[in-house]
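# Descriptive structure summary
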Amino acid sequence: FCDQGDGIQVVTIWEDSSDFLSFPEIDTVAVFSQDERLTLRQGGIPSKGMTTLGDFNTVAVGLLDFGVGIADISKETEEEDGIWLSDVNTPGEANGLAYQDGIIYVADGFAGLSVVDATSLTDPQFVTNWQYENLDHAIKTFVNGDYLILMDEFDGFFFFDITDRDDPRFLD
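Residues numbered from 1 in each chain as written. Predicted model: local features only at pLDDT ≥ 70, side-chain atom pairs only at ≥ 80, totals over all residues. Heavy atoms only, no water.

With a phi angle near 50°, Leu-64 is a residue other than glycine that sits in the positive phi range. The residue Asp-101 is not glycine, and still its phi comes out positive at about 50°. When you line up the elements, Asp-101 lands in the loop between strand E7 (97-100) and strand E8 (103-107). We classify Asp-101 as exposed; its relative accessible area is 68%. (Helix = DSSP H or I, 4+ residues; strand = E, 2+ residues; numbered from the N terminus. Buried < 20%, exposed > 50% of the residue type's maximum accessible area, 1.4 Å probe, protein only.)

So, in structure tokens, the structure goes:
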């Protein structure tokens, strides 16, 4: 999870190894105890959301008004549990993130939904932004195949067909 004060932290998912959790399309699940925390800070900027980028070694982090940061958490430094690879600005405040096929979908606060092309982890590119009627403050996004759900802090859920990432279709 992302802690606004302490950066990214990974804590216990379950209490003992006999518990079974099913994670679709994930081959390996990292298990950390509450004493093992992943700490990665970006100059005091609070982090709001996080998603893995294809594996558990690389993550994208929502940095509110500072856009999206990409970090390699397999490389530790003396002070941090990872290194920042790059960042890209978005027009809003990057909150929740979802990743699929090289694209990061960003719940971008009052700016709605933003899209970042992360096929190059060291040089991500802002692609586009969509604002929708009745969407006040996007805080979470979920993607599965050709469908995206955008959660608004005040107005519930918005459903989209993202077959064409440059022109998502609102599903009513």
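More follows now that the structure is in view.
Our focus in this paragraph is the sheet that holds strand E14 (residues 169-171). Ordered by their spatial adjacency, four strands build an open sheet running E11-E12-E13-E14, and the pairing between neighbours is antiparallel. The sheet is open, and its two edges are formed by strand E11 (138-144) and E14, each paired on a single side. Each neighbouring strand pair of the sheet contributes to a mean axis angle of 30°, computed without reference to strand direction. In the sheet, E11 pairs with strand E12 (residues 147-152) via six bridges, with the strands oriented antiparallel. (Pairing = 2+ DSSP bridges. Axes fitted to C-alpha atoms, helices over the stretch in contact; angles between N-to-C directions.)

Below, the discussion takes up the nonpolar core. Soluble globular proteins: nonpolar side chains tend toward being buried together. Grouped together as the largest cluster of nonpolar side chains are 16 residues, with contacts concentrated most on Tyr-105, Leu-113, Leu-148, Leu-150, Phe-160 and Ile-162. Those elements that provide at least two residues to this core are E8, strand E9 (113-117), E11, E12 and strand E13 (156-161). (Core = buried A, V, L, I, M, F, W, Y, C linked by side-chain atoms within 4.5 Å.)

A separate point is the pairing of E9. Among the five residues of E9, five are classified as buried, and the element is accordingly described as predominantly covered. By the bridge criterion, five bridges tie E8 to E9 in an arrangement that is antiparallel. Paired with Ala-107 across the bridge in E9 is Leu-113. Between E8 and E9, which pair antiparallel one after the other, the connecting turn spans five residues, and Gly-109 there sits at a positive phi close to 60°. With five bridges connecting them, E9 and strand E10 (residues 125-130) associate as antiparallel partners. Counted as the bridge partner of Leu-113 is Trp-130 from E10.

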